[in-house]
Each structure stands twice: as structure tokens, then as C-alpha cells.
Amino acid sequence: YGTVLVCSTQSQADRLNGLLSPYDIHPKYAENIGEIERANGQVVLCIGQLSSGFSWPMESVAVITEDEIFGAKHHRRSLSPSKSPSEAMAFEDLQNGDHIVHVEHGIGQYQGLSKLKLDGVTNDFLLIVYKGGDKLYLPVDRMGMVQKYVGVDGVEPAIDKLGGQSWDRLKKKIKKSAEKIAKELLDLYAVRKVAKGHAFQQEDSYFRDFEAGFTYDETEDQLKAIDAVLRDMKQPTSMDRLICGDVGYGKTEVALRASFVAVHDGKQVAVLVPTTVLAEQHHATFSSRFDRYPVHIACLNRFRSAAKQREILAGLASGTIDIVVGTHRLLQKDISFKDLGLVILDEEQRFGVKDKEKLKKLRHTVDVLALTATPIPRTLHMSLLGVRDISIISTPPEHRQAIITQISEFDEALIAEAIHSELNRGGQIFFLHNNIHSIGPMSRRLQQLVPRVRLGVAHGRLKEAELERVMLRFVNGEIDMLVCTTIIESGLDIPAANTILVNRADRFGLAQMYQLRGRVGRSAEQAYAYLLMPRGASIGRDAQKRMKVLMEHSNLGSGFQIAMSDLKIRGGGTILGGEQSGHIAAVGYDMFLKLMAESISELKGEPILEPLEPEINVMMSAFIPESYISDIDQRMLAYRRLARMVALEEIADFKGEIVDRFGPLPGEMSNLLLKIMLKVLAVKAGVKRLDLAGSQLMLSFSEAHLSNPSGLLDMIANENSSFEFTPDHILKTRLSAGRQGRLIEQMKKILKEIAQHVNC
């Protein structure tokens, strides 16, 4: 028989070839069916797709697929790439009356879009009203200059005087305060950067083999997170990276691959989790993935006997245990590692203050990888400042559906219907009642309501063995409904549980509520969350806001937005200490963050370069007509997208999308796209202002944004005096007279030429 090995990709074919070479088997590559027919007893390797292998006695050929050698790989569709942190935290669309922060002029009040006609040219402007009724009209293509005001809840900001000195004075005062915090943060992290860590080796064929054992296709942002972690681990300084991704989005796989690299390099790995149940679950996951490798994995928690715990401690000290999964028990004094190289923290915010202090010391010498579904604001804050590295996994697994969330009064008919509905499709239910004293009566009430439901009760005051037994019965499907406290907040991965009812939902924090809701919807089944309130109870303002945010962010991958909303509701002061609340209220959270980032850059000795926002003055009406896009919110969204564009490809994609949705572009809309194109090219050329008067073009430059300013002089010298450079650094040139389209083509060509000279 000739043997035909079929692989789906070239990399899998190379991998198989590498495995066969030591056995002196050297397959011949076949590119078509004819070469397979002429195999004559040889081993042939080809690229293709087959569901399974088969033998063909008449032709003496046996076909074997890669899945039959390496195991089945479930293919997951590659979805849209993740957004950057700054995009993911984009604030809500502006509403009339909202406070708005202008980088140069301070806090004003947004009063909507305003259409103005100047010298026969019509354009859209953002109208911002300042103290004394002064008005600022900001061109829509310069929306990057403003940010919606987010301050401290309940504190009304002071409106600034347009053209006054108060805003600059305030910024300087707050910058000093920001410098103090920046210094503290940098002192914390400087120790880690200076301390010599372990530089892990490059990935090899063993790592590729482990990687291939993952039974899904990685999503694009999951691959980015893995690459970032491996890159960090190869550095001589200790890693400190936060992986933010919703439940079931593949954070654990990132941790598994980091663990393989560490163990393969002779280092030990500690996986710290907040709950015993989660420790058991992670232990099972790690054991399953490392099953084919000589890696010793242990689990240290209260479910282990004293003798077993002593055995694990001895194994950690001697180095016979490679990976240990455990709760805060791993941070106690009697724990010593022979050679710890990597610490993985799952839901770090769930650990206590003392535990965090111990973790802080660990960070100086070992690589730390933190995993979270909803980063707490302080963690998020430090990540956004660039003090800590962050990777966001926002692509959901294929077939995952958003959880349908409903807020309701406590209604027995609704509860019974929800339970019956889940039981009828063979699923399981969580009923969360976070009061140990009344959880017994509540469970009896539910049992009377739905007599056929098999019910179990779980809370922190149960004896360990009893709690474990109830949890395991629920995991194994012997219980239909678990009436429980927040003990289930993290860790339980039960695909069959797709309905959760939360009693007194108004009493939970936003991040906690999001975590609880994340206990369901772990499979392709549609999941439901019922947030129950007592009938007729008055709900606090913050609770109302939290409920509203949960309803707004019920789509997949909302953890990042939830954390940002949590930040707004709680106010920035709770992150940095009460004394900062006033500063954040004075300038807005975003401006405070910007001043802090500047302070950090200054302390690091890094140059601060403000993004260039060119002013484009070309005499043409450039706006989105209401007759083309009638909805004001959609027009604003289009303007925001255009203002953020940095590449010509983005403009082309946007044009295709808009034409597809709304039809052929009207003249004013085409002009707007041309204006944005000039703005993008101006940024690349380091131009801060472009003026076209008749056929004369005048360009003002921002020297800070020119990497090679002398290149501009070289260009002028080579152009035989068609350019004139004035003493006040304005470049003038006269364009060939013609229609507007021809003038714009000439400007486009000039800006591209300048960009080539000043950026070389």
C-alpha cells in the first residue's frame, strides 16, 4: 500500500514531516491527484481537506488525515479583530446639555450641531457654550479636540471662560497633584523594571506540538494576547500583563501556553485563584492539557487532607511539582518554591489587601500574568496609563449568544415560568439569594413553587465536605437548580446552566453583577438573566445607573465597557484616594488621565508629543446633509468616525459602507471625505494648518511632528523656486488654476511629497 497523509495547512504538514524524520521516513510532497496515483508504496504528503481517512484496496492506497494522528480540531470562525483599549472605552454619544472638555478652552456645555454659512460655504460645527454665553463653533472634522466630561458623580463642574486664563492655571495645579501619584506608581514599577528577571527561551517544536493540542482555532485577538505574553516572557525584565476578556473567551489558553514555556525552561508555575471550586476546575483543565507531557501538576486548597498538603509543600520545595493551582493558601508563610518563574492570577481583585501586598513583592522577581473578565477601575486605570501592560480579548467564541437580561419586580409567576422553561429544555438554573439567614426559607418557597425541580442549597457557612458535595452534584447534573449566595461568583463553568435569577439585584456592584450574569451563557444555548427587585421598593440612584448599564451592555464582550461605566458611577476619586476627587471633578476624568500620562512620561524622561489635529481651510461646503442621513445620532457617529481616521484606506472603506447603506454620496458629503483625506495627509506631512486661497496654498508646520525637518529645505531647493518659505515658517506655492477637483489632486500630491521628505 502507498500511504497518503492529508494535512489541512502547510504548517501541519511541516509538523508531521518533522515527527517522521527521526524514523527515517521522508514523505514525498504531492501537488495533484496524479502524483498520489503514482505513489507505488511510498509515503506521500499533501495539503487538502478530508473528513476522515480510508483505504482503497483496488488502488493499494491508504489515506490518513491529520485529525486521526493529532486528534480532532474543532474549527472556530475567525471573527472581527479586537478594538484597541482607547476604542473599547469610547464614551457615549453626546447629548444636548452635556458638559464637554476642550483641550485648549476647558469645560463648556454642548448645544448640538450647528450649520453655519461663511463666505458662501456651508459647514457643520459643534456648538459649545462657555461662561457668559460665549460660543465656540468647532468644525466637525476637529472633534478630536473635545471629550465628553466624566467626573465625580453628583459634582457639577464649573464652566470656563472662553479665552480666559483659569483653565491653564487649573491644569497646571492639577498636573502637580498628578505628578505625585505618577511618582508613587513609577516607584512601584521601577523596582520591577530594574530587577533582573528570567528571560525565557524561544518557542520550539515541543511548544508547537502543545499549541496544536488546542481544540479550537484561536481568534485574532487571542493570538495577539498569546504573542504579547510570549514576547514579555523572553525579556530579562519581569512580565506584568493583564489579560482582559469575557468568561469563556480563551484567557485560560493564554495562561496554559505561558505555563508550558515556563515549565519547559525548568521553572515552576503558581496559579492563584480566589475560590476552592475554581481551583478544582483549573486543576482539571491544566491536567487535561498537560496529560501527554511529563509535567507534575498539583492542587492546593482546603479540600486536600493535611497529609496531602504536606506532600504538595514538600514537592514545591524540592521542585518535583512543576505547576501548582491553589487559593490564597499558596501565599502563606510555609510555602516555598525551588524555582518559581511564573505566577498566574485569576480575578486578582477578589484577593484581600494582605494577599495583594505579598503579590506586589512577588512581582519584582517573577513573571506575573493576571486574568480578568471585568478589570476593576484601579487595574484598568494603571493599564490605560501604560504603567501596566494590557491585552484585550473581545472576540466571542462561535455560536455564543448575548445573554437576554430582564429587570423585574419579585414575581412568583415569572420565577416559576423561568424555571419551567429551563427545565423543559433540559437545562439548569442558578437562583442567587445573598442572605444566609433567609436562604433556607427561600429554597422551601421555590420548591413549593416548582415541585418537580431538584434543588440544592450552597453558601459559605456549610461544612466544606457538604459544600463540595452540593457543588459537584450540580456540576454533574444531579441537581436542576442551585439556590446559592455569591459563592458562585467566579469559577463555575457549567454549560448546561443557562438561566440565572438574582434576588435583590440592586444590592450588587456593577462588576460583581456582571460576573454573576456571566455564570450562564457558556454554550451555544440562549441564556437568560432575571434581575429581581422587591415589589414597591425605592432603589438608590447608583443602583438605577448600574441596572441601566447592565441593560445597555448585554452584548458579548462588554467587560471593558462595564469597567469604564463602573469607574464613572463610583467616580475617579475612589481609585486614587479621596483627595483626588476634587481634581477629577474640576477637569474631568479623561483630562486628569491625560495629565497623569504626561507626568509619567516626564518622569520617565520620554518626550511628550500631542497628537496633531490639523486645521484644513478649503473653500467648499463639507458636511453630511440631513436629507442624506436624517438621524442626528447616526450623523454624529459618522462625524466621530471620520475625525478619528488616520489612514486613506479607512476613508475608502467608510465611503463604501456609507454608499451601501444610504446610496450615492451628495456633493457636500464627497467634499467632507476629501477634507478628511487632506487632514490625514497633513498629519503625515507634519502640517498643522492648510489654507487654500484661490489657487495659492499655504502650509504651516509643527516642527515637533517632523522627524527630518531639513528634508523640507532639500525639497524646496530641488523644486526650482516653485515653493516659497516665509520668515514665519509658512510654505507657500501657487497651484495650477483649474476646477476644485484638480486643485485637490495637486494638494494631495504636494502633501505626499512633503511626507516622503520629512519622514525619511
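Anything mentioned here points back to the structure above.
Residues numbered from 1 in each chain as written. Predicted model: local features only at pLDDT ≥ 70, side-chain atom pairs only at ≥ 80, totals over all residues. Heavy atoms only, no water.

Caption draft 1: Region of the structure containing the sheet that holds strand β20 (residues 455-458). Spatial ordering of the open sheet is given by β18-β23-β22-β19-β21-β20, a layout of six strands whose pairing is parallel. On the outer flanks of this sheet lie β18 (404-409) and β20, each paired with one strand and no other. With strand direction ignored, the average angle separating the axes of adjacent strands in the sheet is 20 degrees. As judged from the four bridges shared by β20 and strand β21 (residues 481-484), these two strands associate in the parallel manner. Pairing of valine 457 across the sheet is with valine 483, part of β21. (Pairing = 2+ DSSP bridges. Helix = DSSP H or I, 4+ residues; strand = E, 2+ residues; numbered from the N terminus. Axes fitted to C-alpha atoms, helices over the stretch in contact; angles between N-to-C directions.)

Caption draft 2: Local environment of the pairing of strand β1 (residues 2-7). Of all six residues making up β1, five are buried, and the element is well covered by its neighbours. Bridge count between β1 and strand β5 (residues 61-65): five bridges; the pairing is parallel. Counterpart to valine 6 in the pairing with β5 is threonine 65. As paired elements, β1 and strand β3 (residues 43-47) share five bridges and run parallel to each other. Across the sheet, the residue bridging to valine 4 is valine 44, located in β3. (Buried < 20%, exposed > 50% of the residue type's maximum accessible area, 1.4 Å probe, protein only.)

Caption draft 3: Main features of the pairing of strand β13 (residues 297-300). Of the two faces of β13, both are covered, the one formed by Ile297 and Cys299 as well as the one formed by Ala298 and Leu300. Of the pairings in the sheet, the one linking β13 to strand β14 (residues 323-326) comprises four bridges and is parallel in character. The residue of β14 that forms the bridge with leucine 300 is glycine 326. Taking the sense of rotation as the criterion, the β-α-β connection linking β13, helix α10 (residues 306-318) and β14 turns out right-handed. (Right-handed = clockwise from strand over helix to strand, strands pointing away.)

Caption draft 4: Molecular detail of the sheet that holds β14. Strand order in the open sheet formed by seven strands is β13-β14-β12-β15-β16-β11-β17, and the pairing between neighbours is parallel. The open sheet has two edge strands, β13 and β17 (389-393), and neither has a second partner. Averaged over all pairs of adjacent strands, the angle between their axes in this sheet comes to 15 degrees, without regard to strand direction. Strands in contact with helix α7 (residues 220-234) are β11 (240-245), β15 (340-346), β16 (367-372) and β17; relative to β17, the strand with the most contacts, it is inclined by about 155 degrees. In the packing of helix α8 (residues 251-264) onto the sheet, the strands contacted are β11, β12 (268-272), β14, β15, β16 and β17, and the crossing angle to β16 comes to about 165 degrees. (Contact = heavy atoms within 4.5 Å.)

Caption draft 5: Up close: the side chain of glutamate 422. Position of glutamate 422 relative to the elements: it lies in helix α13 (residues 412-424). When its relative accessible area of 2% is taken as the criterion, glutamate 422 is described as buried. Only 2.7 Å separates the side chain of glutamate 422 from the side chain of arginine 425, close enough to count as a polar contact. (Polar contact = N/O pair within 3.5 Å; in protein donor to acceptor, adjacent residues only side chain to side chain.)

Caption draft 6: Representation of the packing of aromatic side chains. Under the counting rule described, the total for this entry stands at 10 aromatic pairs. Between phenylalanine 260 and tyrosine 293, the ring centres sit 5.4 Å apart and the planes meet at 80 degrees, which makes this aromatic pair edge-to-face. Of this pair, phenylalanine 260 sits in helix α8 while tyrosine 293 sits in the loop between α9 (276-289) and β13, and the two are 33 residues apart along the sequence. Among the aromatic side chains, those forming a connected cluster through ring pairs are Phe207, Phe210, Phe260, Phe286, Phe290 and Tyr293. In this structure, arginine 289 packs its charged tip against the face of phenylalanine 210, placed 4.2 Å from the ring centre. (Phe/Tyr/Trp six-rings, centres within 6.5 Å; stacked < 30°, edge-to-face > 60°. Lys NZ or Arg CZ within 6 Å of the ring centre and 35° of its normal.)

Caption draft 7: Inspection of a nonpolar patch on the surface at higher detail. Judged by side-chain polarity, Leu50, Phe54, Trp56 and Met58 come together as a nonpolar surface patch covering roughly 470 Å² of accessible area. Tracing the backbone shows leucine 50 in the loop between β3 and β4 (54-56). (Patch = residues over 30% accessible without salt bridge, like charges linked within 9 Å, V, L, I, M, F, W, Y side chains within 5 Å. Areas by Shrake-Rupley, 256 points an atom, 1.4 Å probe, with all protein chains shown as cover. Salt bridge = Lys/Arg side-chain N within 4 Å of Asp/Glu carboxyl O.)

Caption draft 8: Region of the structure containing the packing of helix α23 (residues 648-662) against helix α24 (residues 667-685). Between α23 and α24, the least distance of the axes is 10 Å, while the angle of their chain directions is 165 degrees. When the axis of α23 is compared with that of α24, the two are roughly antiparallel. At the point where α23 passes α24, the crossing takes the right-handed sense. In this structure, α23 contributes Leu648, Ile651, Phe654, Lys655 and Ile658 to the contact, and α24 contributes Met669, Leu673, Ile676, Met677, Val680 and Leu681. (Parallel < 35°, antiparallel > 145°, perpendicular 65-115°, else oblique. Left-handed = near helix turned anticlockwise from the far one by under 90°.)

Caption draft 9: How the structure looks around the nonpolar core. With 60 residues, the main nonpolar core has Leu690, Leu699, Met747 and Ile754 as its most contacted residues. Those residues in contact with methionine 747, other than ones at most four positions away along the chain, are Val618, Leu678, Leu690, Leu692, Leu697 and Leu735. (Core = buried A, V, L, I, M, F, W, Y, C linked by side-chain atoms within 4.5 Å.)

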